[in-house]
Amino acid sequence: MTPSSPLSWSPARQEALLAAAAFVMGLVLLAAGALFDHGHPLALLVLPLALTCAGVVVRRRAPVVTLALGVTGMALDIVLGPSLGTILVFTDNLYAAALYGPRPLGRVLLWITSAGAVVAGAAAWFVTWDWRALAVLLVQAALIGVIPVTTANIIRQHRDQAAAEHERAEQVARLAELDRRSAIAGERSRMARELHDLVSNHFSAIAIQSSALLARQDLDAAAVRKVMKSIRENSVQGMAEMRTMIGLLRHDGEGEEAEPIRRRLADAADLIERTGVRARLTVRGTSRALPPAIDLAAYRILQEALTNALKHGTADTEVVIEYACDHVVLLVENPVNRDSLSALPGSGAGLVGMRERTTLVSGSFDAGPMEAGPSGETRWRVRAELPTGAALPTGSATGSAA
């Protein structure tokens, strides 16, 4: 079996081996005489060395215990020696306590070790009155205490910054995923509206006109030709829009993207004629070019309202388009049978789609039955007000078309 790499060992096993290596190194230094001999038996200096090495064993799991063992071992070593091996291991005790211990502990240790270095240097000066002794002892105290603690605090700060950056990157990724899902949901909703307008409006008109043509046996050739022409126009338009939508869905980002068919409110008269509904169109105000989003929303709302009028209306439909200075108003009214009010699409996809289109462009929308007039008929009204912002006038038109 191939032996595992030391890098793959558990932290506890690595620390145990590190403590054993430090203990062996300390014994070698003791045997070599790297200590201040105060006449104590050499075996006594093994005890503080063992205490500091025991702190290395638990340096990650219990850094406060590591600090306590290191301070105890260092204090005992100063009384008996001191010895170089114990001092070197004690620096690792300080380093581990500042790096793995509670965050305030690192700051406290920095203050304590800095003050200890200053006090040691001052004591050397007071005893010897030699600035060289002050400098030597100050540097030694800094190397033993201040440098390990400072290094640990710097590494801990960098580690915390890396963790914060990683967390921030994860949050950005989560936000990007939420944005992606929101974009997908919005695109699905838009596609659903477009498909509904395509299927419901064009093909509903085709179905109604063809059914009426089959039901009427008294129509002359000119009337039949007119109805068939309208059916053909709706079929061609529906196929063109469906082909454009399929091309957009199949587009993979390479080559030229299919150009969507531009629908404009200015084509209202053609829309009324192609739908086949009997309607009177009135345009008020100054006709002008509208922003593309407003133009398409107004066109689709009018298209859906005319389709509903074709399905449920009982007489001529009134269509009013009013251009104001900063908005455009669509008004579609048609009489309906009271018995058919429950069948009107007040909670279906058509009315929902019109309301959604209005909301997307920050407009207002209202639809529902009106009170019966003097003749006793009930009228269904659709009203949409869409903001247009600044737009340049392109002409004016006022009148009616049937």
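Residues numbered from 1 in each chain as written. Predicted model: local features only at pLDDT ≥ 70, side-chain atom pairs only at ≥ 80, totals over all residues. Heavy atoms only, no water.

1. Re the overall build of the protein
And then number 1: Helix and strand content of the protein: 10 helices and 5 strands.
And then number 2: Taken across its 402 residues, the protein has 33% of its residues classed as buried.
And then number 3: Residue pairs in contact within the protein that sit at least 24 positions apart in sequence constitute 72% of those at least 6 positions apart.
And then number 4: A total accessible area of about 23100 Å² is found for the protein, and carbon and sulfur atoms account for 63% of it. (Helix = DSSP H or I, 4+ residues; strand = E, 2+ residues; numbered from the N terminus. Buried < 20%, exposed > 50% of the residue type's maximum accessible area, 1.4 Å probe, protein only. Contact = heavy atoms within 4.5 Å. Areas by Shrake-Rupley, 256 points an atom, 1.4 Å probe, with all protein chains shown as cover.)

2. Notes on helix 4 (residues 84–100)
And then number 1: Between the first and last C-alpha of helix 4 there are 25 Å, a value that for 17 residues agrees with the 24 Å anticipated at 1.5 Å per step.
And then number 2: Across the 17 residues of helix 4, 12 count as buried, placing the element largely inside the fold.
And then number 3: Of the residues making up helix 4, those classed as buried are Gly85, Thr86, Ile87, Val89, Phe90, Thr91, Asn93, Leu94, Ala96, Ala97, Ala98 and Leu99. (Expected span 1.5 Å × (residues − 1).)

3. Topic: the pattern of salt bridges
And then number 1: The tally for this structure, following the rule as stated, stands at 12 salt bridges.
And then number 2: A salt bridge links glutamate 318 to arginine 280; the nearest nitrogen and oxygen atoms lie 2.0 Å apart. Here glutamate 318 is found in strand 2 (residues 317–323), whereas its partner arginine 280 is found in strand 1 (residues 279–285), with 38 residues between them in sequence.
And then number 3: Judged by relative accessible area, which is 34%, arginine 280 ranks as partly exposed.
And then number 4: In this structure, glutamate 385 and arginine 383 form a salt bridge, with 3.5 Å as the shortest nitrogen-oxygen distance. (Salt bridge = Lys/Arg side-chain N within 4 Å of Asp/Glu carboxyl O.)

4. Looking at the side chain of arginine 156
And then number 1: Tracing the backbone shows arginine 156 in helix 6 (residues 131–215).
And then number 2: No salt bridge is formed by the buried arginine 156; the nearest opposite charge belongs to aspartate 160, separated by 4.4 Å. (Lys, Arg positive; Asp, Glu negative; His and termini not counted.)

5. Observations concerning a nonpolar patch on the surface
And then number 1: A cluster of nonpolar residues, Trp125, Phe126, Val127, Trp129 and Trp131, forms a patch on the protein surface that exposes about 690 Å² of accessible area.
And then number 2: Of the residues forming the nonpolar patch, the biggest block, 3 residues, is contributed by helix 5 (residues 103–128).
And then number 3: When you line up the elements, phenylalanine 126 lands in helix 5.
And then number 4: Judged by its relative accessible area of 59%, phenylalanine 126 falls in the exposed class. (Patch = residues over 30% accessible without salt bridge, like charges linked within 9 Å, V, L, I, M, F, W, Y side chains within 5 Å.)

6. Looking at the packing of helix 8 (residues 268–275) against helix 9 (residues 292–312)
And then number 1: Relative orientation of the contacting elements helix 8 and helix 9 amounts to 30°, with a least axis distance of 10 Å. Relative to helix 9, the element helix 8 is oriented roughly parallel. Pair helix 8 / helix 9 crosses with right-handed handedness. On the side of helix 8, the interface is formed by Ala268, Leu271, Ile272, Arg274 and Thr275, while helix 9 contributes Tyr299, Leu302, Gln303, Leu306 and Leu310.
And then number 2: Considered class by class, the residues forming the contact of helix 8 with helix 9 number 7 nonpolar, 2 polar and 1 charged. (Axes fitted to C-alpha atoms, helices over the stretch in contact; angles between N-to-C directions. Parallel < 35°, antiparallel > 145°, perpendicular 65-115°, else oblique. Left-handed = near helix turned anticlockwise from the far one by under 90°. Nonpolar A, V, L, I, M, F, W, Y, C, P; charged D, E, K, R; others polar.)

7. Topic: the sheet that holds strand 3 (residues 327–336)
And then number 1: A sheet is described by the order of its strands in space; here 5 strands give the open sequence 1-2-3-5-4, paired in mixed fashion. Each end of this open sheet is capped by a strand with a single partner; those strands are strand 1 and strand 4 (364–369). Neighbour-to-neighbour, the strand axes of this sheet turn through a mean angle of 10°, independent of strand direction.
And then number 2: Pairing analysis gives 6 bridges linking strand 4 to strand 5 (residues 378–387), with the strands arranged antiparallel. Along strand 5, the bridge assignment pairs aspartate 366 with arginine 383.
And then number 3: Contacts between helix 8 and the sheet are confined to strand 1 and strand 2, with strand 1 contributing the most and set at about 170° to the helix.
And then number 4: Set on the sheet, helix 9 makes contact with strand 2, strand 3, strand 4 and strand 5; between it and strand 3 the angle comes to about 5°. (Pairing = 2+ DSSP bridges.)

8. Some remarks on helix 1 (residues 11–31)
And then number 1: Helix length check: helix 1, at 21 residues, gives a terminal C-alpha distance of 30 Å against a target of 30 Å (1.5 Å per residue), a fit within 8%.
And then number 2: Listed as buried for helix 1 are Glu15, Ala19, Ala22, Gly26 and Leu30. In a view along the axis of helix 1, the buried residues occupy a sector of 70°, so they form one face of it. In this structure, helix 1 carries Val28 and Ala31 as exposed residues pointing more than 90 degrees from its buried face. (Arc of directions from axis to C-beta.)

9. Some points on the packing of helix 3 (residues 63–80) against helix 4
And then number 1: It is the contact of helix 3 with helix 4, at a shortest axis distance of 8 Å, that shows an interaxial angle of 155°. Between helix 3 and helix 4, the crossing angle belongs to the class labelled roughly antiparallel. Crossing angle aside, the handedness with which helix 3 passes helix 4 is left-handed. Touching Pro63, Thr66, Leu67, Gly70, Val71, Gly73, Met74 and Asp77 of helix 3 are Thr86, Ile87, Phe90, Asn93, Leu94, Ala96, Ala97 and Tyr100, all from helix 4.
And then number 2: Among the residues making up the contact of helix 3 with helix 4, the classes are represented as 10 nonpolar, 5 polar and 1 charged.

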